[in-house]
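If you want the building blocks of each chain, they are given just below.
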Amino acid sequence: MQKQKADFWFDPACPFAWVTSRWIGEVEKVRDLETEWHVMSLSVLNEARELDHDYQRAMDENWGPVRVIIAASELHGAENIKPLYDAMGTLIHQEKVSDRPEVIRRALEQVGLPADLAQYADSDEYDKQLRASHRAGIDLVGQDVGTPVVAINGTAFFGPVITRVPRGEEAGMLWDSAVGLASFPHFFELKRSRTEQPSAV
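Residues numbered from 1 in each chain as written. Predicted model: local features only at pLDDT ≥ 70, side-chain atom pairs only at ≥ 80, totals over all residues. Heavy atoms only, no water.

Student: What is the right way to read the overall build of the protein from this model?
Tutor: From N to C terminus, the protein includes eight helices and four strands. When the elements of the protein are put in sequence order from the N terminus, they spell out β-α-β-α-α-α-α-α-α-β-β-α. Scaling as 2.2 N^0.38, a compact globule of 201 residues should have a C-alpha radius of gyration of about 17 Å, and the protein matches this with 16 Å. Seen along its three principal axes, the alpha-carbon backbone of the protein occupies a region of about 45 × 40 × 30 Å. Considering the protein as a whole, with its 201 residues, one finds that 50% of them fall into the buried category. Long-range contacts, defined as pairs at least 24 residues apart, comprise 75% of the intrachain contacts of the protein with a sequence gap of at least 6. Carbon and sulfur atoms make up 49% of the accessible area of the protein, which amounts to about 10,700 Å² in all. If the 21 positive side-chain charges of the protein are averaged to one point and the 32 negative ones to another, these points end up 4 Å apart. (Helix = DSSP H or I, 4+ residues; strand = E, 2+ residues; numbered from the N terminus. Rg over C-alpha atoms; globule rule 2.2 N^0.38 Å. Buried < 20%, exposed > 50% of the residue type's maximum accessible area, 1.4 Å probe, protein only. Contact = heavy atoms within 4.5 Å. Areas by Shrake-Rupley, 256 points an atom, 1.4 Å probe, with all protein chains shown as cover. Lys, Arg positive; Asp, Glu negative; His and termini not counted. Charge placed at Lys NZ, Arg CZ, Asp CG, Glu CD.)

Take a look at the structure:
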């Protein structure tokens, strides 16, 4: 069977992207799947929108992690994107660490990258590259989305949005279903209202 390809755009702060990314990891165990990981940014996505005070503060804080991941990719190689995402996401979504500088510091330490990469959290030096990565995903699906954006064998969607991580063959079957939908060029949307929050467990 031919190797399949996923391109996954994430913001480490997004709990929905985190759950979907853990599902992709499960799919890789049971399907011949290669995944390429890309940064997108909820802060970029929302910067022209009217937001309430608390959400705007969250968007301001969320620049740091994505900027550090992009800086790490530019300075030390794209192979660092996924390990940094795994480290940051575990701290944010599973260990419930809310302090973004602490998340950045601990994640860099865990993956063995230089601590001074943390300085890029407050720098726009690599924002051009960050915005380009973000735009590459958004251009495939349009502006009226969030994270994650997943391209399935080249066809991109917002989502799938899931709240629990399927394991083993259940994960593979969900992937097979997504591949089937993506293979029909006239399929665009399938949606229902969410009744629960995502769980990373």
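Once you've had a look at it, read on.
Student: I'm lost on the pairing of strand β4 (residues 155-158) in this one. Help?
Tutor: One face of the sheet, then the other: side chains in a regular strand alternate in exactly this way. Pairing between strand β3 (residues 149-152) and β4: three bridges, direction antiparallel. From the neighbouring strand, Val150 faces β4, where its bridge partner is Phe157. Hairpin connection from β3 to β4: two residues lie between these consecutive antiparallel strands, with Asn153 at a positive phi of about 50°. (Pairing = 2+ DSSP bridges.)

Student: Any chance you could explain the packing of helix α5 (residues 81-94) against helix α6 (residues 100-111) here in plain terms?
Tutor: Each pair of packed helices gets described by two things: the angle between the helix axes and the distance between those axes. α6 packs onto α5 with a crossing angle of 135° between their chain directions and a minimal axis gap of 9 Å. With respect to their mutual orientation, α5 and α6 come out oblique. Considering the relative orientation of α5 and α6, their crossing is right-handed. Facing Pro83, Leu84, Ala87, Met88, Leu91 and Ile92 of α5, the residues of α6 in contact are Arg100, Val103, Ile104, Arg106, Ala107, Leu108, Gln110 and Val111. Of the residues contributing to the contact of α5 with α6, the split by class is 11 nonpolar, one polar and two charged. (Axes fitted to C-alpha atoms, helices over the stretch in contact; angles between N-to-C directions. Parallel < 35°, antiparallel > 145°, perpendicular 65-115°, else oblique. Left-handed = near helix turned anticlockwise from the far one by under 90°. Nonpolar A, V, L, I, M, F, W, Y, C, P; charged D, E, K, R; others polar.)

Student: Looking at this structure, I do not really get the nonpolar core. What am I missing?
Tutor: Counting 60 residues, the largest nonpolar core has Phe10, Leu84, Met88, Ile152 and Trp175 as the members making the most contacts within it. Contact partners of Leu84, with chain neighbours within four places excluded, come to Val68, Ile69, Ala72, Ala107, Leu108, Val111 and Leu113. (Core = buried A, V, L, I, M, F, W, Y, C linked by side-chain atoms within 4.5 Å.)

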